[in-house]
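# Geometric and topological summary
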Amino acid sequence: MNHMLIQWLREMSAVEWAGALTAFACIYLTVKNRIENWPWGIVSVLLYGWFFWVSKFYANAALQICFFLPCCIYGWWVWARCGP
């Protein structure tokens, strides 16, 4: 089991790694109640959207760009106006 996980992690592309790391940064900053979480979330959404598009997972790419991206932008806007 452990060797399968290691192999899977080695096969991840740089875009997948970048998407995962920016998502973790977003989550960490959200837990810390910091407004800086929103740009990290937007970068993560864009990276995953591009990755899914290149991988021909068009519905997942559309979900990232058409739903999660507007949600991040709106969340950032509301947080900037009203606070957490």
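Here's a quick rundown of the structure.

Definitions and limits used
Residues numbered from 1 in each chain as written. Predicted model: local features only at pLDDT ≥ 70, side-chain atom pairs only at ≥ 80, totals over all residues. Heavy atoms only, no water. Core = buried A, V, L, I, M, F, W, Y, C linked by side-chain atoms within 4.5 Å. Buried < 20%, exposed > 50% of the residue type's maximum accessible area, 1.4 Å probe, protein only. Helix = DSSP H or I, 4+ residues; strand = E, 2+ residues; numbered from the N terminus. Contact = heavy atoms within 4.5 Å. Patch = residues over 30% accessible without salt bridge, like charges linked within 9 Å, V, L, I, M, F, W, Y side chains within 5 Å. Areas by Shrake-Rupley, 256 points an atom, 1.4 Å probe, with all protein chains shown as cover. Salt bridge = Lys/Arg side-chain N within 4 Å of Asp/Glu carboxyl O.

One finds Trp38, Ile42, Val45, Leu69, Cys72 and Trp79 forming the largest nonpolar core, which totals six residues. Broken down by secondary-structure element, the contributors of at least two residues to this core are α3 (37–54) and α4 (58–82). With residues up to four places along the chain from it excluded, the contact list for isoleucine 42 reads Leu69, Cys72, Ile73 and Trp76.

Another aspect to go through is unusual backbone geometry. Backbone geometry places asparagine 33, a non-glycine residue, at a positive phi of 60°. Positive phi, close to 65°, is recorded for lysine 56, a residue that is not glycine. Classification of lysine 56 by relative accessible area gives exposed; the value is 59%.

Before going further, it helps to examine a nonpolar patch on the surface. A cluster of nonpolar side chains, namely Leu5, Trp8, Leu9, Trp17, Leu21, Phe24, Ile27 and Val31, defines an oily patch on the protein surface of about 850 Å² accessible area. Of all the elements in the fold, those that place two or more residues in the nonpolar patch are α1 (2–10) and α2 (14–31). Sorting elements by how many residues they give to the nonpolar patch places α2 first, with five residues. Looking at where leucine 9 falls in the secondary structure, it is placed in helix α1. Of the residues examined, leucine 9 reaches a relative accessible area of 31% and is grouped as partly exposed.

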